Amino acid sequence: MRARTWRRHLVPYLLIAPAIVYLALFFAYPMYEGLVLAIYDDDALLPLRSEPTSDAAEVAEIPQGTGLQILDRQSRAMIDDGGGDLLTEQWFRVSGAGDTGAAVDGWVSEARIRVREEDAAGNPLAGTVRPRLGQSADPLTDVHAEPNDRSGVVGRLEQRAPVAITEVALLEVWFLVQPADDPGAAAGWAPSRYLQVFDDGESGRVHRGTAGEFTTAFIERMVDDRFFGPALRTTLLIMALLIPLQLVLALVMALVIHARIRFSSGFLYVFALPIGMSDLAVGILFFSIFTGNGLLNSILDGLGIIDGPFAFLTAETTNWIIFAIVLAELWRATSIVMVILVAGLQAIPDETLEAAELFGAGYWQRVRHIMLPLLRPSIQVALILRTILAFQVFAVVIALSGGDVVTVLANESFRQYVDLRNDNVASAYALFILLLSIASAVFYLRSVRAESEVRAS
């Protein structure tokens, strides 16, 4: 009996488990990753090593973009193909007769060997030692024990001496660097893949780092973006025009359906028709209406109101573009609000409305004093949902303005991510949209409350 009771109490948790997993995988984790991208820079700092190896002790960390003075360079075996401004050196393992006539086997830089023979795959097999130019130049070439000019010399080769190439090593160049603006700072080694070396070979800068830190730089770059202000103003203006109009229009549509007049089911299907259309399709539809040879110009020209096509969607007529966006969104998304309000109206008991009518309340009195107060939870949900969707208006704006003449916050997030390849600033835009959505939801939850919630607070 006790085991059966325990299983019965466990059932709700088992039922909610899939929802928790879904929220964790498709909501919490993406939100966390987006937040990290907006406030954490993975490439902010570059560690400097005491030796030109990745496992050497760290002597300092310098920020990305720091100017550098290059003090020395060495070559070390590559761990991977790297990236960035990767500089490499190639070394050949050669064997041949040394300057003393004895056999020599060791490593020589590619710069000192001219390849004379290759196999079918292009791998070098044999070559000759390049001569040195200049009267003061040493005519002999050192052969090293390791593919590094700092390793021991095992022999010397005369110029133009034939050698067999038995192995090839590709090395990455490491630089001993020091911050240019702080000569007293500690110097350390860093691989070329993280540096940008200037043409003089004695200076450069940190191209990217390998250690991260929390930063507000991406948010500052978002705020300083020249499109941020116009995008924010346009988004708020569209919301200010759109949401009240949609709420009023959706309420009228819901009341028409709830009145159960003749053909009310037909009205429901007609009103709900735009739900099945995508944002982009609606944008293209209204573009065909407002374009130079579109439906609106044809009607105005046919009525004799205009003498020729009027350009509604140009850089000089941004107000018309905003009007077209509001009209397209009004037609497309009002039905979403209507469905929520219809569901709320159907939840109102018929007995309540009949009792009010019995006591002499007219239709508009029943709407004002009974329906609207009981509809507050539905209105609250509709306003929160519609406001969040208004912050995400994107495809309609792209279709009607191209995203350049008139822009919104969602479009700027897309521009940063796709056009400018800046994931961090794009995430900062997305985070800003999220914060605005949360703030609007809290505002609606506090301002549009049912009477029971007001009394409880």
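The structure displayed is predicted, hence computed values, not measured ones.

Asker: Mind showing me how you'd approach the environment of Glu146 here?
Answerer: Along the chain, the position of Glu146 falls in the loop between β8 (141-144) and β9 (153-157). For the pair Glu146 and Phe214, spaced 68 residues apart in the sequence, the C-alpha separation amounts to 42 Å. Contact partners of Glu146, with chain neighbours within four places excluded, come to Trp91, Trp107 and Ser151.

Asker: How should I be thinking about the environment of Leu170 in this particular structure?
Answerer: The residue Leu170 is located in strand β10 (residues 162-179) in this model. Classification of Leu170 as partly exposed rests on a relative accessible area of 44%. For the pair Leu170 and Gly96, spaced 74 residues apart in the sequence, the C-alpha separation amounts to 21 Å. Beyond its immediate sequence surroundings of up to four residues, Leu170 is in contact with Ala77, Met78, Thr88, Glu89 and Gln90.

Asker: I keep staring at the environment of Ser50 and nothing clicks. Help me out?
Answerer: Its place among the elements puts Ser50 in the loop between β1 (40-49) and β2 (58-63). Taking the C-alpha atoms as reference, Ser50 lies 61 Å from Glu329; in sequence the two are 279 residues apart. Residues in contact with Ser50, not counting those within four places in the same chain, are Ala56, Ala57, Val59 and Trp189.

Asker: Looking at this structure, how should I read the domain arrangement of the chain?
Answerer: A common measure of how large an interface is: the accessible area buried when the components associate. Domains assigned within the chain are domain 1 (47-213) and domain 2 (221-456). For domain 1 and domain 2, the distance between their C-alpha centroids amounts to 63 Å.

Asker: Which parts of the structure should I look at to understand a nonpolar patch on the surface?
Answerer: Taken together, the side chains of Val21, Tyr22, Leu23, Leu25, Phe26, Phe27 and Met31 make up a nonpolar region of the molecular surface, amounting to roughly 750 Å² of accessible area. Position of Phe26 among the secondary structure elements: in helix α1 (residues 2-39).

Asker: Even after reading the chapter, I still don't get the nonpolar core, so can you show me in this structure?
Answerer: Met222, Leu341, Leu345, Met371 and Leu409 are the most contacted members of the largest nonpolar core, which totals 43 residues. At the level of elements, α2 (217-224), α3 (228-258), α7 (318-346), α8 (350-358), α9 (363-374), α10 (376-391), α12 (409-419) and α13 (423-447) are the ones that each hand at least two residues to this core. Here the element with the most residues in this core is α3; it accounts for ten residues. The residues touching Met222, leaving out its near neighbours within four places in the chain, are Phe228, Val425, Ala428, Tyr429 and Phe432. Core analysis: the second largest hydrophobic core is formed by 21 residues, Ile238, Val282, Phe290 and Leu330 among them.

Asker: Sorry if this is basic, but what is going on with the pattern of salt bridges here?
Answerer: In a structure, side chains of opposite charge can pair up when their charged atoms sit close to one another. The final tally for this structure, using the stated rule, is twelve salt bridges. Two residues, Glu89 and Arg73, come together in a salt bridge whose shortest N-O distance is 3.1 Å. In this pair, Glu89 is assigned in strand β4 (residues 88-97) and Arg73 in strand β3 (residues 67-77), connecting sequence segments 16 residues apart. For Glu89, a relative accessible area of 23% gives the class partly exposed. In this structure, the salt-bridge partner of Arg332 is Asp279, at a minimum N-O distance of 3.0 Å. Note that Arg332 is positioned in helix α7 and Asp279 in helix α5 (residues 279-290), a separation of 53 residues in sequence. Using a relative accessible area of 11% as the deciding quantity, one classes Arg332 as buried. Members of the salt-bridge network, linked through shared partners, are Asp279, Glu329, Arg332 and Arg386.

Asker: What is the right way to look at a negative patch on the surface in this model?
Answerer: Together, Asp350, Glu351, Glu354 and Glu357 line one region of the surface with negative charge. Position of Asp350 among the secondary structure elements: in helix α8. Since its relative accessible area comes to 36%, Asp350 is described here as partly exposed.

Asker: Got a minute to help me understand the packing of aromatic side chains in this structure?
Answerer: Counting across every chain of the model gives twelve aromatic pairs. Pairing Phe290 with Phe312 gives two aromatic rings, centres 5.8 Å apart and planes at 80 degrees, and the pair type is edge-to-face. You can see Phe290 sitting in helix α5 and its partner Phe312 sitting in the loop between α6 (295-302) and α7, a full 22 residues away along the chain. Among the residues examined, Phe312 registers a relative accessible area of 3% and is labelled buried. Ring centres 4.8 Å apart and planes at 75 degrees place the aromatic pair Phe310 and Phe312 in the edge-to-face group. You can call Phe310 partly exposed: its relative accessible area is 36%.

Asker: Help me understand α5 in this model?
Answerer: Structurally, the α-helix is built with 3.6 residues per turn, so residues lying three or four positions apart point the same way. For α5, built from twelve residues, the straight-helix expectation of 16 Å at 1.5 Å per residue is met to within 8% by its first-to-last C-alpha distance of 17 Å. The complete set of buried residues in α5 reads Val282, Gly283, Phe286 and Phe290. An end-on view of α5 places all buried positions within 100 degrees of arc, on one side of the element.

Asker: Would you mind showing me how to read unusual backbone geometry here?
Answerer: Backbone phi values are negative for most residues with the exception of glycine, while trans is the configuration of most peptide bonds. In this model, Arg160 sits at a positive phi of 70 degrees, which is unusual for a non-glycine residue. Summarising the element assignment, Arg160 is placed in the loop between β9 and β10. For Arg160, a relative accessible area of 57% translates into the label exposed. Non-glycine residue Arg421 carries a positive phi angle of around 55 degrees. Tracing the backbone through its elements, the reader meets Arg421 in the loop between α12 and α13. By relative accessible area, which is 67% here, Arg421 ends up exposed.

Asker: What is the right way to read the packing of α5 against α7 from this model?
Answerer: When two helices pack together, their arrangement is given by the angle between their axes and by how far apart the axes lie. Contact pair α5 / α7: the axes reach a minimum separation of 10 Å and the direction vectors enclose 130 degrees. On the basis of their axis angle, the class for α5 and α7 is oblique. Handedness of the α5/α7 crossing: right-handed. On α7, the residues that touch Asp279, Val282, Leu285, Phe286 and Phe290 of α5 are Trp320, Phe323, Ala324, Leu327, Ala328, Trp331 and Arg332. Grouping the amino acids of the contact of α5 with α7 by side-chain chemistry returns ten nonpolar, no polar and two charged.

Asker: Which parts of the structure should I look at to understand the side chain of Glu172?
Answerer: In this structure, Glu172 sits in strand β10. Judged by its relative accessible area of 3%, Glu172 falls in the buried class. A polar contact of 2.5 Å, which involves the side chain of Glu172, links it to the side chain of Arg193. Here Glu172 is in contact with Gln74, Ser75, Arg76, Met78, Leu86, Leu87, Thr88, Pro191, Ser192 and Arg193, once residues within four sequence places are set aside.

Analysis parameters
- Residues numbered from 1 in each chain as written.
- Predicted model: local features only at pLDDT ≥ 70, side-chain atom pairs only at ≥ 80, totals over all residues.
- Heavy atoms only, no water.
- Helix = DSSP H or I, 4+ residues; strand = E, 2+ residues; numbered from the N terminus.
- Contact = heavy atoms within 4.5 Å.
- Buried < 20%, exposed > 50% of the residue type's maximum accessible area, 1.4 Å probe, protein only.
- Domains from an automatic or database assignment.
- Patch = residues over 30% accessible without salt bridge, like charges linked within 9 Å, V, L, I, M, F, W, Y side chains within 5 Å.
- Areas by Shrake-Rupley, 256 points an atom, 1.4 Å probe, with all protein chains shown as cover.
- Salt bridge = Lys/Arg side-chain N within 4 Å of Asp/Glu carboxyl O.
- Core = buried A, V, L, I, M, F, W, Y, C linked by side-chain atoms within 4.5 Å.
- Lys, Arg positive; Asp, Glu negative; His and termini not counted.
- Charge placed at Lys NZ, Arg CZ, Asp CG, Glu CD.
- Phe/Tyr/Trp six-rings, centres within 6.5 Å; stacked < 30°, edge-to-face > 60°.
- Expected span 1.5 Å × (residues − 1).
- Arc of directions from axis to C-beta.
- Axes fitted to C-alpha atoms, helices over the stretch in contact; angles between N-to-C directions.
- Parallel < 35°, antiparallel > 145°, perpendicular 65-115°, else oblique.
- Left-handed = near helix turned anticlockwise from the far one by under 90°.
- Nonpolar A, V, L, I, M, F, W, Y, C, P; charged D, E, K, R; others polar.
- Polar contact = N/O pair within 3.5 Å; in protein donor to acceptor, adjacent residues only side chain to side chain.

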